[in-house]
Amino acid sequence: MKLMYSPGACSIGIHVLLEEIGKPYETQLVNLREGAQYKPEFTAVNPKSKVPTLVRDDGSVLTEYPAIAYWLARTNTDKKLLPDDLEAQTRALEALDYCVATIHMQGFARLFRAGNFTPNPADEEKVKERGTELIERGFSLMDKALQNKDYVSGAYSVADTALFYTEFWGAKRLNMKLPPNCEAHLTRMLARPAVQRVMQQEGLN
Ligand SMILES: N[C@@H](CCC(=O)N[C@@H](CS)C(=O)NCC(=O)O)C(=O)O
């Protein structure tokens, strides 16, 4: 397998899953700041111009964080990256999707790419304010979900990797004060050996 990633981007969560799984994989850095995602070499692999992009051993390409995470969990069931119980599994996917589709794509995307949310540059500050509100509301809901739990589903699961990258962005890129259970969750994630290896590999230490 080959993970196409950018250091510190949302692909970090998939990178963590690959380290947790422990099977051999390669990485290929896609420099988003330099626009490498729009170059023909990359769009030939993923025309969506996004990381994470996973090239599987049979050469097929998988995109979209929730789909990649789900596939990795289901093809490595011994790693217990999803709960077995249907209700708990569904809830883990619910949390995973909330982190990616709402906290990231609705919240952080407004801060990182305000121009994508308005044609009028004068409105970009308002877009960013709305992004901050959405992120704060998202963390507050996840904080409640983490009440009396170490991980989102109780046991560690794919959902934690998605919450991890959004918490990481909030705390380390935006200097936000995370609510207490999210802060403890981030600390717990950063202590995992798989996460530490990824931080080192992505040059984020
Ligand atoms: N819906 C996609 C979102 C992926 C995404 O937004 N990736 C960002 C990095 S965190 C990206 O590649 N941005 C490049 C761009 O939009 O130019 C997913 O779930 O994987």
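Small disclaimer: the values here were computed from a predicted structure and weren't measured.

Draft legend 1. Summary view of the packing of aromatic side chains. Following the criterion strictly, the structure yields eight aromatic pairs and no others. An angle of 75° between the planes, with centres 5.3 Å apart, marks the rings of Phe112 and Trp169 as edge-to-face. Placement of Phe112 in helix H4 (residues 86-112) and of Trp169 in helix H6 (residues 158-173) is noted, with a sequence separation of 57 residues between them. By relative accessible area, Trp169 is classed as buried at 3%. Ring pairing ties together the aromatic residues Tyr65, Phe108, Phe112, Phe139, Tyr165 and Trp169, which thus form one cluster. Cation over ring: Arg56 sits above Trp71, and NZ or CZ is 4.8 Å from the ring centre.

Draft legend 2. Structural view of the site of the ligand. Not every one of the 17 residues close to the ligand is listed here, only the nearest: Gln37, Tyr38, Lys50, Val51 and Glu64. Within the side chain of Glu64, an N or O atom sits 2.7 Å from a nitrogen atom of the ligand. A distance of 2.9 Å separates an oxygen atom of the ligand from a polar backbone atom of Tyr65. For the ligand, the protein covers 89% of the area, taking 510 Å² as the surface of the free molecule. Taken together, the elements giving at least two residues each to the shell around the ligand come down to helix H3 (65-74) and H4. Per-element tally for the shell around the ligand: the top contributor is H4, with three residues. Partitioning the shell around the ligand into residue classes produces eleven nonpolar, three polar and three charged.

Draft legend 3. Looking closely at helix H5 (residues 124-145). Taking 1.5 Å of rise per residue, the 22 residues of H5 would be expected to cover 32 Å, and the 31 Å separating its terminal C-alpha atoms lies within 8% of that figure. Looking at the buried positions of H5, the neighbouring elements they touch are H4, H6 and helix H7 (180-190).

Draft legend 4. Looking closely at the side chain of Glu19. Considering the arrangement of structural elements, one finds Glu19 in helix H1 (residues 11-21). One polar contact links Glu19 to Tyr25, side chain to side chain, over a distance of 2.5 Å. Setting aside residues up to four positions removed in sequence, Glu19 forms contacts with Tyr25, Ala194, Arg197, Val198 and Gln201.

Draft legend 5. Region of the structure containing the sheet that holds strand S1 (residues 2-5). Taken together, four strands build an open sheet; the order of strands is S2-S1-S3-S4 and the sheet is mixed. Strands at the two margins of the open sheet, each flanked by one partner only, are strand S2 (26-29) and strand S4 (61-63). Within this sheet the neighbouring strands show an average axis-to-axis angle of 20°, counted without direction. Taken together, the three bridges between S1 and strand S3 (residues 53-55) define a ladder with antiparallel strand orientation. Bridge pairing in S3 links Lys2 to Val55. Where H1 meets the sheet, its contacts fall on S1, S2 and S3, and the angle it forms with S1 comes to roughly 155°. Its contacts with the sheet put H3 on S3 and S4, and the angle it makes with S4 is roughly 120°.

Reading the values: the criteria
- Residues numbered from 1 in each chain as written.
- Predicted model: local features only at pLDDT ≥ 70, side-chain atom pairs only at ≥ 80, totals over all residues.
- Heavy atoms only, no water.
- Phe/Tyr/Trp six-rings, centres within 6.5 Å; stacked < 30°, edge-to-face > 60°.
- Helix = DSSP H or I, 4+ residues; strand = E, 2+ residues; numbered from the N terminus.
- Buried < 20%, exposed > 50% of the residue type's maximum accessible area, 1.4 Å probe, protein only.
- Lys NZ or Arg CZ within 6 Å of the ring centre and 35° of its normal.
- Near = heavy atom within 4 Å.
- Polar contact = N/O pair within 3.5 Å; in protein donor to acceptor, adjacent residues only side chain to side chain.
- Areas by Shrake-Rupley, 256 points an atom, 1.4 Å probe, with all protein chains shown as cover.
- Nonpolar A, V, L, I, M, F, W, Y, C, P; charged D, E, K, R; others polar.
- Expected span 1.5 Å × (residues − 1).
- Contact = heavy atoms within 4.5 Å.
- Pairing = 2+ DSSP bridges.
- Axes fitted to C-alpha atoms, helices over the stretch in contact; angles between N-to-C directions.

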